[in-house]
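Architecture and fold: a report
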Amino acid sequence: PSQPSDVKFTWRMQTPFPASYPMYTGGTMLAEMLNSMSAGRIVATNNPSGAIVDGLKEMRAVQEKVLDASMTASHYHTSEVGLVGDLFNLHPGGPNPLEFAVWVYESGGKAMWQEMYDRKNLSIHPEMAMCTSAELFGWFAEPVKSMSDFKGMKFRTAGIWGDMLTSAGAAVVTMPGGEIYESMERGVIDAFEFSSAGVDYAAGFHELGAFAHGPGVHAPQSAFEFLVHKDTFNKLPADLQAILVHACEANFIRSLAMVDYGDTLGMQKLKDYGTEFVYLPEDVQISIVKIANAKYDEIAKTDEFFAKVLKSQRDFLTAYRDMKSFAQPNPNIMEEYK
C-alpha cells in the first residue's frame, strides 16, 4: 500500500446549537476524533450556532463552501430536501436509536440518505454521526388525560409534529428555545416540548411548576448528520475518507452513551427537585401514532421518494420488532425481580 499523504486539511465546522448543548459537544467530540485519528492531517474546529453563519443555515453553507463541514439534522432543511428530511431524524411513532442505526447501516437507509441530497442536486456527502434517545413528551401546565386536552392548548413546538398537533386542535406556537422559559412562566404558552431529561433540567424547566410528561412518542430518537461538500470529501486521500466514515460511526455510539448518561442523571435531579411526572395514557399514545401515520400516508401519496423511504422503514421495523419481541428479554421484568 502507498504511504499516507502528509497533506493537511483544515476545516471550519458549525452546528446549529449553542455551546452548552450536548449536540454541540457531540460535534466537538467528532472534530477531536478526526484530528486524533488522522494524526493531525484533518484539523477540524467546531463552532456553535451563529459563529460563522446564521443558525439553521449550515447545510446551505456547506453546499456553498462557506463551511467545510457541519453537524446538523435533516429536519432543519426540509425546505430544500423535502419533508422526507423528517424521516432521517426524529419523527412521531418512528424508530428508536438502535432501530434507526440498524436500518441506516444494514437495511438501505444510508444509500437513501445520500439519495435525498442527490435528487435535489445538492453536492452534499452525509454521514450519520450522532444520536440521542427519546425526548420528554413535554411540560404541561395541567396533566394530559385525553386527546381532547390538546384542543385550544397553546403548545410550543415546530415541524411536522406541530402540524399533527394542529390537527388535534392545539394552537401551535413556534419560538426559539431561549424564549420558552419566560413564555411558560408568563402564561403565553400552556405547554412545550424541548429535549431530553438532562437538557431540560439544565434549562431549568423544572422550576416552572409544570408537569413533565413521557414517553416521548413524538420523538423516539434524534439522529444528527455530519455534512461535507462532495468536493471536500473527494479531495481526501482514501485513508482519510475511511477515517471520516468510521469516526462518524464511532461518534454515533459514543455520543448516544454520553447523552443517555446525562439524561439518567438529569432524571434523578428532576425527581430530587420534586418534579411531578405524568405517564401519557396509552390511548393518547396510540392516537398520536395513528395521527402520525395518517399524515405520513398523506404525504406519500404525492411524494414518491418520501413513500420509498417510509416503506423501507416500515418494512424493516415490522421484521426487526418481531424478532426483538421474541428474542430480547423485557428489562422491566429483570429489574422488578432482581
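Please refer to the structure placed before this passage.
If you're wondering where the values come from, they're calculated on a predicted model, not measured in any experiment.

**As for the pairing of strand S9 (residues 211-214)**
Neither face of S9 is exposed, since Phe211 and His213 on one face and Ala212 and Gly214 on the opposite face are all buried. Examined bridge by bridge, S9 and strand S11 (residues 277-279) share three bridges and lie parallel to one another. Its bridge partner lying in S11, His213 is registered against Val278.

**Topic: the layout of surface pockets**
The space that makes up the largest pocket amounts to roughly 1100 Å³. The wall of the largest pocket is formed by 41 residues, among which Leu56, His75, Tyr76, Arg156 and Ala158 lie closest to the centre. Listed by contribution, the elements that provide at least two residues to the lining of the largest pocket are helix H1 (22-37), strand S4 (124-133), helix H6 (159-167) and strand S10 (221-229). Partitioned by chemical class, the residues of the lining of the largest pocket number 20 nonpolar, 17 polar and four charged.

**Some words on the environment of Ile243**
Within the fold, Ile243 resides in helix H10 (residues 238-273). Sequence separation of Ile243 and Met37 is 206 residues, and the distance between their C-alpha atoms is 6.8 Å. Beyond its immediate chain neighbours, meaning those up to four positions away, Ile243 contacts Leu34, Met37 and Ser38.

How each quantity is defined
Residues numbered from 1 in each chain as written. Predicted model: local features only at pLDDT ≥ 70, side-chain atom pairs only at ≥ 80, totals over all residues. Heavy atoms only, no water. Buried < 20%, exposed > 50% of the residue type's maximum accessible area, 1.4 Å probe, protein only. Helix = DSSP H or I, 4+ residues; strand = E, 2+ residues; numbered from the N terminus. Pairing = 2+ DSSP bridges. 1 Å grid on protein atoms, 1.4 Å probe; cavity = no way out; pocket = protein on both sides within 12 Å on 5 of 7 lines; lining within 4 Å. Points joined across faces, edges and corners; volume = space filled by probe spheres on them. Nonpolar A, V, L, I, M, F, W, Y, C, P; charged D, E, K, R; others polar. Contact = heavy atoms within 4.5 Å.

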